[in-house]
Every structure is written in structure tokens, then in C-alpha cells.
Amino acid sequence: MASVTFDKATRLYPGGTKPAVDALELHVEDGEFLVLVGPSGCGKSTSLRMLAGLEDVNGGAIRIGDRDVTHLPPKDRDIAMVFQNYALYPHMTVADNMGFALKIAGVNKAEIRSKVEEAAKILDLTDYLDRKPKALSGGQRQRVAMGRAIVREPQVFLMDEPLSNLDAKLRVSTRTQIASLQRRLGITTVYVTHDQVEALTMGDRVAVLKDGLLQQVDSPRTMYDRP
Ligand code: ADP
Ligand code: ADP
């Protein structure tokens, strides 16, 4: 586990007239669940992608723990990311999907099996390990995508609108599951959503972005109480 620091992190897209993310200053504590919220186009994904190493940083720096990762490739950042289109490999079983990254990394089979089994237990997927993704519900697939990230035991967990493909009812139950999973694992998490209710119910703290600028960072309770 590790904290995350955006130290005046700035992203100006080529040809852009103003930064998509402008001197973002934000510190996420070790183990904290931080939600980045704001309307479409405010810079949430760009911020997350800078943290993941998927987007150049044009000013400022990004740190994970006390490591400056600003110019490190994604694979050296010790992060795992869950996207909204959590493309699972359709021809592979749930277990093989979850273990795939470890297999690529050369981890031995026994260790992969034990990590996959442990993650499956946490995610309530034990009975589904031998199924193919198409034989799962949307919520179960979403949990497989989480499992794929968890087995790598990253220091930081990134989620970009992971619930947006689910129907309204499933969204509510899955957001509870994700929040409680995060608390159980205690893994530092940055979660992006445009949904304010999602932000306020899930986050330890919520950071509000508008037009690439950070407007406010607070605990949900403080935000509710504000007149
Ligand atoms: P959000 O995730 O909050 O919807 P984004 O981070 O995707 O916002 O986008 C922030 C701003 O950057 C928007 O104005 C968007 O149009 C612009 N933008 C995003 N990606 C690119 C890109 N690859 N090239 C140019 N502009 C981009
Ligand atoms: P192979 O992948 O060569 O068929 P294994 O069946 O021993 O060899 O699989 C090793 C792998 O264990 C990993 O890729 C992991 O994802 C997978 N795996 C397969 N079935 C299970 C299971 N029931 N429980 C846990 N892990 C499993």
C-alpha cells in the first residue's frame, strides 16, 4: 500500500488551448478511498490516466508513496486499473481470466491457483471459476474484473466508472460491494465517477473537478452538512 500525490500535475493535450487538468494538487492517504467526481469533460479520466502512466504529464509530478513515478511506464507503477468496459477474455474461464496477468508475469501455477482461489472467496466467485464470462451476470463479470486486479496485489487500485455498464439496481448493490471490499483490503483507491450519489456513498473523501480545476476536497459528511 502507498499514498498517492498529484503535485501540481498538469495535462495539456496537443492542440489544446487550455489544460485538461490544470495543476492538480491532491494527496490520497495510504488505504484511503478517494473519489474524483465532476461532469463529463472535467478531467477525471485524464487525472486517473496520468496516475496510471497512460497519459503524459506536461507539468508538475505524480508520486506513489515517496517514489516519483511521473515518467515511469505503467508496468513499473504497481497499480491495477478497472475500466468501465472490463473486457474479459471470452474464451477463457473465470479462473484463467483472473490468473492471466500472473501467468504472463511468470508466477508459478500453484501460487496463481492459491491467489485466484483467495480472490474468488473474497469476491464470492468460488462457484464460478470454471465458467466462461458469457455464462455470468453483469455483476459477476464486474467482480471478475476486480479479481483480475486484486490477484496482482497492487499498491494502488484505480477505477474509471466501473459501474456504468450495469443497470440501476445492480449499480447500487455493486457499489456497496466495492466499497466494503476496498475497506477489507485497505488498498489505496482512486475511483472516478460522474455520479454524485455514488461519490458521496462510496468515498472516504470526494474531490470535485470542474473544467480541469480542483474545486473542493472533503469527506462526504462535511459535504452533506455544508449549507
Ligand atoms: P472526464 O473523464 O471528466 O469526462 P476527460 O479527462 O476525459 O474528462 O477530458 C478532459 C478534457 O480533455 C475534455 O475537454 C476532453 O475533451 C479533453 N480530452 C480528453 N482526451 C483527449 C485527447 N486524447 N485529446 C484531446 N483532448 C482530450
Ligand atoms: P493450465 O493453465 O496449464 O491448465 P492449471 O490448470 O494448473 O494449468 O492452471 C494454472 C492456473 O490456475 C492459472 O492460470 C489460474 O488462473 C488457474 N486456475 C484454473 N482453475 C482454477 C481453480 N479452480 N481455482 C484457482 N485457480 C484456477
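Residues numbered from 1 in each chain as written. Chains lettered and ligands numbered in written order. Predicted model: local features only at pLDDT ≥ 70, side-chain atom pairs only at ≥ 80, totals over all residues. Heavy atoms only, no water.

S.K.: Any chance you could explain the site of ligand 1 here in plain terms?
M.R.: Near ligand 1 you find Tyr-13, Ala-20, Pro-39, Ser-40, Gly-41, Cys-42, Gly-43, Lys-44, Ser-45 and Thr-46, and these make up its full shell. Take Tyr-13: an N or O atom from its side chain is 3.3 Å from a nitrogen atom of ligand 1. Cys-42 has a polar backbone atom sitting 3.2 Å from an oxygen atom of ligand 1. The residue inventory of the shell around ligand 1, partitioned by class, reads 4 nonpolar, 5 polar and 1 charged. (Near = heavy atom within 4 Å. Polar contact = N/O pair within 3.5 Å; in protein donor to acceptor, adjacent residues only side chain to side chain. Nonpolar A, V, L, I, M, F, W, Y, C, P; charged D, E, K, R; others polar.)

S.K.: I keep staring at the pattern of salt bridges and nothing clicks. Help me out?
M.R.: Pairing is possible between side chains that carry opposite charge, provided their charged atoms lie close to one another. Across all of its chains, the model carries 9 salt bridges by this definition. For Glu-25, the salt bridge goes to Lys-8, with nearest N and O atoms at 4.0 Å. Of the two residues, Glu-25 sits in strand β2 (residues 21–28) while Lys-8 sits in strand β1 (residues 4–11), which places them 17 residues apart along the sequence. The exposure class of Glu-25 is partly exposed, given its relative accessible area of 48%. (Salt bridge = Lys/Arg side-chain N within 4 Å of Asp/Glu carboxyl O. Helix = DSSP H or I, 4+ residues; strand = E, 2+ residues; numbered from the N terminus. Buried < 20%, exposed > 50% of the residue type's maximum accessible area, 1.4 Å probe, protein only.)

S.K.: What's the story with the pairing of strand β6 (residues 79–82) in this structure? I'm lost.
M.R.: Every other side chain in a regular strand lies on the same face of the sheet, so the side chains alternate between the two faces. Across the two faces of β6 the burial is the same, with Ile-79 and Met-81 and Ala-80 and Val-82 all buried. Both β6 and strand β7 (residues 156–160) contribute to a ladder of 4 bridges, which runs parallel. If you follow Met-81 over to β7, its bridge partner there is Leu-158. (Pairing = 2+ DSSP bridges.)

S.K.: How should the sheet that holds strand β4 (residues 59–64) be read in this particular structure?
M.R.: Backbone-to-backbone hydrogen bonds pair the strands of a sheet. The strands run either parallel or antiparallel. One open sheet accounts for 4 strands, arranged β2-β1-β4-β5; its pairing is antiparallel. Both outer strands of the open sheet, β2 and β5 (67–68), are each paired with one neighbouring strand and no more. One ladder, built from 5 bridges, connects β1 with β4; its direction is antiparallel. By the bridge assignment, Phe-6 is partnered in β4 with Ile-62. Packing against the sheet, helix α1 (residues 44–52) makes contact with β1, β2 and β4, and its axis sits at approximately 115° to β1. (Contact = heavy atoms within 4.5 Å. Axes fitted to C-alpha atoms, helices over the stretch in contact; angles between N-to-C directions.)

S.K.: When you look at the site of ligand 2 in this model, what are you seeing that I'm missing?
M.R.: Surveying the vicinity of ligand 2 reveals the residues Ala-95, Asp-96, Gly-99, Lys-103, Lys-109, Ile-112, Arg-113, Val-116, Glu-117 and Leu-129. The separation between an oxygen atom of ligand 2 and a polar main-chain atom of Ala-95 is 2.5 Å. One nitrogen or oxygen atom from the side chain of Arg-113 is found 3.3 Å from an oxygen atom belonging to ligand 2. Coverage of ligand 2 by the protein amounts to 72% of the 550 Å² it exposes when considered alone. Those elements that place two or more of their residues in the shell around ligand 2 are α2 (94–104) and α3 (109–123). (Areas by Shrake-Rupley, 256 points an atom, 1.4 Å probe, with all protein chains shown as cover.)

S.K.: Explain helix α4 (residues 138–150) here, please?
M.R.: Count 3.6 residues to each turn of an α-helix, and residues three or four apart come out pointing the same way. Its 13 residues place the ends of α4 18 Å apart at the C-alpha level, agreeing with the 18 Å of an ideal helix rising 1.5 Å per residue. Counting buried positions along α4 yields 11 of 13 residues, so the element is predominantly enclosed. Where α4 is buried, its residues touch β6, α2, α3, β7 and α5 (168–185). (Expected span 1.5 Å × (residues − 1).)

S.K.: Mind showing me how you'd approach the layout of surface pockets here?
M.R.: Here the largest pocket defines a volume of roughly 530 Å³. Every residue lining the largest pocket is counted, 21 residues in all, and those nearest its centre are Ile-79, Ala-80, Met-81, Phe-83 and Arg-152. Going through the elements one at a time, β6, α2 and α4 are the ones with two or more residues in the lining of the largest pocket. At 4 residues, β6 tops the list of elements feeding residues into the lining of the largest pocket. Taken together, the residues of the lining of the largest pocket break down into 16 nonpolar, 1 polar and 4 charged. Taken as a whole, the second largest pocket spans an internal volume of roughly 320 Å³. Around the second largest pocket, the lining residues are Ala-95, Asp-96, Gly-99, Phe-100, Lys-103, Lys-109, Ile-112, Arg-113, Val-116, Glu-117, Leu-129 and Asp-130. Taken together, the elements giving at least two residues each to the lining of the second largest pocket come down to α2 and α3. Within the lining of the second largest pocket, the residues separate by chemical class into 5 nonpolar, 1 polar and 6 charged. (1 Å grid on protein atoms, 1.4 Å probe; cavity = no way out; pocket = protein on both sides within 12 Å on 5 of 7 lines; lining within 4 Å. Points joined across faces, edges and corners; volume = space filled by probe spheres on them.)

Interpretation in functional terms is not warranted from these geometric data alone.
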